[in-house]
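# Results of the structural survey
Spelled out, the chains give:
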Amino acid sequence: MQEITPKLEQIALKVVALEAGDVPAMGELLNALDELSKKIDGFASPLPGMIVQGLHGYVERLILNEESDLELLGESVGALQDVWREVQSDANYMGDYLDLLRRLDGGEIVEEVPDESQTVGTWKTKPETEEGVLSDEDAMIMRDFSMEAIENLEKIELSLMDLAQNPDSTDIINDIFRPFHTIKGVSGFLTLNRINRLSHCTENLLDSARKGDFTLGEEHTDIILEAVDMLKEMIYHIQSALISQDRNLEGDTIIEPMIAKIEGALTGAIAPAKPLRLGEILVESGYLSPEDLKKGLEIQKQRPSEKIGKILVDEKLVQPRQVTAALNSQKKAPKAADLQVKVDTIKLDSLIDLTGELVISQSMLKQNEVIRSANDPRLYQNINHLSKIVSDLQKTAMFMRMIPIKNTFQKMVRLVRDLARSSGKKVDLEMNGEDTEIDRNVVEELYEPLVHMVRNAVDHGLEIPGERLSAGKPEHGRVGLRAYHKGSNIMIEIQDDGRGLNKSRILEKAVAGGLASSAVALSDEQIFDFIFHPGFSTASQVTDVSGRGVGMDVVRKRIEKLKGQVSIRSEPGKGAVFTIALPLTLAIIEGMVVRVGNERYILPTLAIVETVRPQRANCFTVAGKGEMIKFRGELIPLARLTHLFGVEGQFQDPWDGLVVAVEHKGRKLGLFLDELLGKEEVVIKSLGETFRQVKGISGGAILGDGRIGLILDMEGVFELGATQKESGKGMI
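Residues numbered from 1 in each chain as written. Predicted model: local features only at pLDDT ≥ 70, side-chain atom pairs only at ≥ 80, totals over all residues. Heavy atoms only, no water.

### Describing the pattern of salt bridges
Counting across every chain of the model gives 37 salt bridges. Among the ionic pairs, Lys14 bridges to Glu28, the shortest N-O distance being 3.6 Å. Within this pair, whereas Lys14 is found in helix H1 (residues 4–17), its partner Glu28 is found in helix H2 (residues 23–40), the two being separated by 14 residues in sequence. On the basis of relative accessible area, Glu28 is assigned to the partly exposed category, the value being 42%. Notably, a salt bridge pairs Glu663 with Lys668, separated by 3.9 Å at the nearest N-O pair. You can call Glu663 partly exposed: its relative accessible area is 29%. Owing to a relative accessible area of 24%, Lys668 belongs among the partly exposed residues under this scheme. Beyond isolated ion pairs, a larger network of salt bridges with shared partners links Lys14, Glu28, Glu445, Glu448 and Arg558. (Salt bridge = Lys/Arg side-chain N within 4 Å of Asp/Glu carboxyl O. Helix = DSSP H or I, 4+ residues; strand = E, 2+ residues; numbered from the N terminus. Buried < 20%, exposed > 50% of the residue type's maximum accessible area, 1.4 Å probe, protein only.)

And the structure:
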């Protein structure tokens with residue numbers, strides 16, 4: 001049962017980020033529903049399995065374009081989360097969800113399958129093909145092709161975004177042309193006829209633009225992006241078919257309408273944008289007046305062998321640097337090719353693990369009593385040299401798994417472009433710090449929360465053009481993505497210049513939902529924190545983008561799973577800033593090693609506010625709140641690690657030991673401990689399934705002296721602290 005709630009959260013996040021026509025994402029959603037069905041199969045109540053079955057069938061019909069209502073998905077996942085909570089409390093709400101089951105199944109109630117050998121529901125699986133199954137060698141070639149093709153198509157998408165800023169750049173057109181040419185050639189060799197035809201037709205469109213027959217405009221970009229999506233759909237089907245041994249590798253995608261659209265663009269059915277000439281660019285930039293341009297063109301008629309730029313400079317109508325800037329805008333400098341070697345990620349992760357073990361062994365060797373008591377300068381020199389090599393090796397190994405966040409950021413370009421079109425808004429996306437590097441595993445987990453937050457910024461944050469003009473703002477709204485390092489963490493900001501969060505509306509909804517009391521004064525941070533509560537939404541209407549109330553709680557939990565935090569700043573009428581703080585890597589954590597009795601614990605430095613030795617006069621017992629200490633003018637709860645984890649400490653009174661003030665989700669807590677042993681970077685070790693659910697502990701680490709230190713999980717520690725307060729333990 002404990003594994004079902006996280007799986008539901010994962011499914012909810014996938015539904016929030018789902019877009020119409022995104023077949024690969026729908027396939028991932030089907031896989032997640034398959035995994036969920038196995039976990040709930042055989043459970044006493046049939047209702048969760050029936051809703052999962054209905055969702056599965058509905059997503060299949062979405063893929064086949066037999067359904068189109070994404071709102072029903074969001075409603076159904078929210079209902080499934082509610083049902084699961086009720087099921088765990090032994091409540092029976094079958095009647096309340098019959099209408100939902102009917103709508104999911106197209107009007108008919110989903111029936112259970114009595115055969116226990118089958119999974120929940122009457123899900124259809126593709127039969128294994130009896131003939132035409134690929135050999136292992138052919139399957140490997142197909143697998144390699146599909147991986148390479150997806151990489152090439154993603155590069156094409158990014159290059160198309162660059163082309164929108166430089167439509168005349170032959171270098172960018174070549175960057176788009178080459179991947180299509182590769183896909184066309186290899187697919188022809190593998191007799192993937194539909195992929196070959198579509199990529200060849202798109203290649204012809206690009207070749208005509210490359211030859212100067214016309215300039216690629218926004219309409220052409222839309223067509224090429226459609227072709228990319230269709231190619232992705234067929235290639236993802238190849239990957240699925242290889243697993244199911246379905247001989248129909250390319251699926252049932254119909255490419256003829258797409259080919260007709262591309263050929264229409266080639267024959268001029270779409271009016272191409274007229275390319276700007278050098279003189280026009282100078283006029284638009286304000287460097288040259290239309291009258292001076294006309295004068296320069298008249299001179300060029302008398303000196304036809306000279307270029308207009310030289311004439312304008314000779315006549316002192318513009319400056320040379322202005323002509324250079326205009327020429328640069330016409331043609332983008334070619335990018336240098338990166339020299340890379342592809343490495344299996346399993347091998348890379350293994351290298352990271354072995355390097356971590358080496359660091360632990362080296363630290364244990366250095367602190368060995370025999371080594372420390374030896375009086376041999378040369379031995380110390382060799383050990384210090386070894387330490388430097390191990391440290392450099394560790395950094396190199398970690399950097400090998402670090403990748404720029406640029407690719408993740410640039411995927412938002414198309415997302416914002418599509419959202420702006422569907423919502424009728426004008427949006428500019430600004431990105432800073434794209435070269436900031438982060439652990440590959442963190443980047444993979446970060447993508448979906450980032451998608452949801454950007455969607456919210458465009459849908460909820462930014463106003464429509466008319467509202468912005470009335471408010472004295474530019475017609476174009478701005479969404480900013482920024483990444484930077486701060487200490488041992490990476491900070492990611494999602495900012496918009498829209499209407500900002502409606503504090504009074506959030507508080508009103510929180511009070512109505514029983515989350516807050518109107519009699520208690522709350523800070524802005526505490527009020528904004530309500531939007532992360534499950535099912536919380538202030539949207540007046542649900543759109544196909546957001547407003548279902550199943551998103552922000554999942555976003556926060558995903559960030560916290562990465563040992564990170566998310567905070568909010570907002571100003572009415574000026575916008576909002578969501579800040580995500582994440583560790584650079586999931587393999588190593590920087591923390592403060594502390595001692596409680598004979599035990600060692602590691603506090604993540606991200607959560608530490610300050611360490612104090614409280615005076616006796618600043619320690620209190622408050623009725624109904626337990627032990628409190630006065631910290632910088634405010635009373636904060638005191639939690640004893642001795643009581644939280646059942647260990648025996650050295651000191652009984654807070655003024656004899658130390659108190660570390662920690663912060664989590666805007667709340668503060670004082671942790672009473674015996675001693676600080678120092679700051680240290682430790683290699684995170686899993687405690688395994690047996691101790692996975694131990695509250696307050698997120699993992700372990702082997703310290704330099706060979707002892708085990710437990711890494712504290714702030715979410716669990718705060719929950720345990722609240723339990724301690726209610727039980728009245730540790731009263732002064």
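From this point on, the discussion continues.
### Brief notes about the packing of aromatic side chains
The full count for this structure, using the stated rule, is 1 aromatic pair. The ring of Tyr447 is capped by Lys411, whose NZ or CZ atom sits 5.3 Å from the centre of that ring. Positioned over the ring face of Phe532 is Arg556, at 4.1 Å from the centre of the ring. (Phe/Tyr/Trp six-rings, centres within 6.5 Å; stacked < 30°, edge-to-face > 60°. Lys NZ or Arg CZ within 6 Å of the ring centre and 35° of its normal.)

### A short note on the sheet that holds strand S12 (residues 626–631)
Strand order in the open sheet formed by 6 strands is S10-S14-S15-S13-S12-S11, with mixed pairing between adjacent strands. Each edge of the open sheet is held by one strand with a lone partner, namely strand S10 (608–612) and strand S11 (619–622). The average angle at which neighbouring strand axes cross in this sheet is 35°, direction not considered. Two strands pair when backbone bridges link them, and S11 and S12 are joined in this way by 4 bridges, in the antiparallel orientation. The partner of Thr621 across the bridge, within S12, is Glu627. (Pairing = 2+ DSSP bridges. Axes fitted to C-alpha atoms, helices over the stretch in contact; angles between N-to-C directions.)

### Brief notes about helix H15 (residues 345–366)
Over its 22 residues, H15 extends 31 Å from the first C-alpha to the last, a length consistent with the 32 Å expected when each residue adds 1.5 Å. Looking only at H15, the buried set comprises Leu348, Ile352, Thr355, Gly356, Val359, Ile360 and Gln362. Around the axis of H15, the buried residues are gathered within 165° of arc, so they sit on the same side. Residues of H15 that are exposed and point over 90 degrees away from its buried face: Ile346, Lys347 and Leu354. Each element contacted by the buried residues of H15 is listed here: helix H17 (377–400), strand S16 (675–683) and strand S17 (697–702). (Expected span 1.5 Å × (residues − 1). Arc of directions from axis to C-beta. Contact = heavy atoms within 4.5 Å.)

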